[in-house]
Amino acid sequence: MSSSRIDGGQTRRGFLQRSAQALGTAAAAHLAGAEARSAGTSSQTRKDGKPMIIDAHGHISQVEIQDLEGEYRKNWKYGMGHRDNLYLMDTIGIEMQVLQCAFYLHRYHRRVMKEHPGRFVAISKIDERLLPGDRGLKLIQQHIEEWGFKGWYYDCWPPEQRVEMGMDPKEWGTPDPFHHFDHPRYDPQWELVQSLGVPACVTSYSYNFETLGPGLLNVLKRFPDLKVVVIHGYWPPSCVQDDGSVRIPDAVVELVKNYNVVMEILPGLQHRPDLYGPGDTVLKAFYDTFGPSKLMWGSEYTHVNLPTVEQYRRQFDYVKERCPYMSESDIAQIRGGTAMETYEIRT
Ligand SMILES: [Zn+2]
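Being a predicted model, the structure only gives us computed values, none of them experimental.

Q: Can you break down helix α11 (residues 281-290) residue by residue, with the values?
A: Of the residues making up α11, those classed as buried are V282, L283, F286 and Y287. Looking straight down α11, one finds that the buried residues subtend no more than 140° of arc, so they occupy a single side. In this structure, the buried residues of α11 make contact with β7 (261-265) and β8 (295-297). Just downstream of α11 lies G291, where phi reads positive at about 85°.

Q: Account for the packing of helix α3 (residues 82-92) against helix α12 (residues 309-322), with residues named and values stated.
A: Packing of α3 against α12 brings their axes to within 10 Å, and their N-to-C directions diverge by 60°. In terms of orientation, α3 lies oblique with respect to α12. Taken as a pair, α3 and α12 cross one another with a handedness that is right-handed. Across the interface between the two elements, L88, T91 and I92 from α3 touch V309, Y312, R313 and F316 from α12.

Q: Now, about the sheet that holds strand β6 (residues 227-231): what can you tell me, with residues and values included?
A: One open sheet holds the five strands; their spatial order is β4-β5-β6-β7-β8, and the pairing between them is parallel. The open sheet has two edge strands, β4 (152-154) and β8, and neither has a second partner. Each strand axis lies, on average, 25° off the axis of its neighbour in the sheet, ignoring direction. In this structure, strand β5 (residues 199-203) lies alongside β6, joined through five bridges in parallel fashion. Counterpart to C201 in the pairing with β6 is V229.

Q: Describe the packing of helix α5 (residues 134-146) against helix α8 (residues 187-196), naming the residues involved and giving the relevant values.
A: The packing of two helices is summarised by the inter-axis angle and the distance between the axes. Between α5 and α8, whose axes approach to 10 Å, the crossing angle comes to 15°. As far as their axial angle goes, α8 and α5 are roughly parallel. Where α5 crosses over α8, the handedness of that crossing is right-handed. Note on element contacts: α8 touches α5 through P188, Q189, L192, V193 and L196, opposite L137, I140, Q141 and I144. Counted by class, the contact of α5 with α8 contains seven nonpolar, two polar and no charged residues.

Q: Tell me about the environment of D250, and name the residues and values.
A: Relative to the helices and strands, D250 resides in helix α10 (residues 250-258). Overall, D250 belongs to the exposed group, with 11 C-beta atoms counted inside 10 Å. Sequence separation between D250 and G213 is 37 residues; the distance between their C-alpha atoms is 8.5 Å.

Q: Before we move on, could you go through unusual backbone geometry and cite the residues and values that matter?
A: The amide bond that connects L131 to the next residue, P132, takes the cis arrangement and shows omega of 5°. Residue placement: P132 occurs in the loop between β3 (120-123) and α5. For the bond running from T174 to P175, omega is -5°, close enough to zero to count as cis. Its place among the elements puts P175 in the loop between α6 (159-164) and α7 (177-180). In this structure, H232 is a non-glycine residue whose phi angle is positive, near 75°. Tracing the chain through its elements places H232 in the loop between β6 and α10. Judged by C-beta crowding, with 20 C-beta atoms within 10 Å, H232 ranks as buried.

Q: A description of the nonpolar core should follow, citing residues and the corresponding values.
A: Proteins that are soluble and globular tend to have nonpolar side chains buried together. Grouped together as the largest cluster of nonpolar side chains are 72 residues, with contacts concentrated most on I123, W152, V193, C201 and I265. Apart from residues no more than four positions distant in its own chain, W152 is found in contact with I123, S124, I140, V193, V198, A200 and C201. L88, M89, I94 and Y312 belong to the second largest nonpolar core, which has six residues in total.

Q: Break down the sheet that holds strand β2 (residues 96-100) for me, with residues and values.
A: Strand order in the open sheet formed by three strands is β1-β2-β3, with parallel pairing between adjacent strands. Edge positions in the sheet fall to β1 (54-58) and β3, since each has one partner strand and no second. With direction set aside, neighbouring strand axes in the sheet form an average angle of 20°. Pairing geometry for β1 and β2, over three bridges, is parallel. Within the sheet, the bridge partner assigned to D55 lies in β2 and is Q97. Sitting on the sheet, helix α13 (residues 328-343) touches β1, β2 and β3, and the angle it makes with β1 is about 70°.

Q: Summarise the pairing of β5; cite the residues concerned and give the values.
A: Taking burial as the measure, the five residues of β5 include five buried ones, the bulk of the element. Alternating residues of β5 divide into P199, C201 and T203 and A200 and V202, and every residue in both groups is buried. Bridge count between β4 and β5: three bridges; the pairing is parallel. Note on β5: the bridge partner recorded for Y153 is C201.

Conventions and cut-offs
Residues numbered from 1 in each chain as written. Predicted model: local features only at pLDDT ≥ 70, side-chain atom pairs only at ≥ 80, totals over all residues. Buried ≥ 20, exposed ≤ 12 C-beta atoms within 10 Å, placed from the backbone. Helix = DSSP H or I, 4+ residues; strand = E, 2+ residues; numbered from the N terminus. Arc of directions from axis to C-beta. Contact = placed C-beta atoms within 7 Å. Axes fitted to C-alpha atoms, helices over the stretch in contact; angles between N-to-C directions. Parallel < 35°, antiparallel > 145°, perpendicular 65-115°, else oblique. Left-handed = near helix turned anticlockwise from the far one by under 90°. Pairing = 2+ DSSP bridges. Nonpolar A, V, L, I, M, F, W, Y, C, P; charged D, E, K, R; others polar. Core = buried A, V, L, I, M, F, W, Y, C linked by C-beta atoms within 7 Å.

By themselves these figures say nothing about function.
See the structure below:
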């Protein structure tokens, strides 16, 4: 462990020096501090000692002209405008949303964080085809250090889905990072994100159910201080066996228990009423196996038929109503405590 830390530190310094030369200026550094600070205020805990109430997986995409980036496509919509989200949050009592970004939405997310400090934080998602090249690494570093983004979202999409979208899967590199992100070729990205101290938010699908756990274990053995968020949780429907029992792969248990890895809980989505299996048995298994400090609630408020207050409230109340075995403080941890710790959000 110690040798990889030393190696990581030396390489990190080299990378940061190279990047500083490339990016730039004292003005950029000044901006960095200012924007990073605007994401939260000064104190770590509230007077009542309770965690904030945070939706750890939100989306917005109603960009204005001022936010346009090169590749924005009008038909690629993820969620509503940030004012809609603020209305929902205020009505239910949610203090903050963690916005999962897309590579044509960074400017919009940056503006929304500035205009509503303390209400939104954003996660960077660059075009993964730029990785592990320097251009991709510098973009991640810029979003985190200069713009105050709180994490890096990594979702290479299953190769078969890229084909369906009319893309050439080879553009993502060889070996393909969807299943082989633990290949040494991709070490520079893990090394950078570990050095930046923010989580890598890695997406779990049915497609990578067997490869994601062992792959992340390989990465974390080399970069043991890396924080990881498993987006969508470890794909819950795939944890349900034919006989209805729940199986969490051994690699995943090791991963979450031994490293700084947390899992999202996204219940109540209309198109996935069975996300956690019959009787929400997967939710119970996650809780029993990992405990509330490894779980965090989010709404994924994109995939809803009707974006109503009632729908958002149903999703917010889901864990409290269906998991009577959880205490009030467990619920508070899942509804915000874990997100505060993972993304280093301050009240
Ligand atoms: Zn999402």
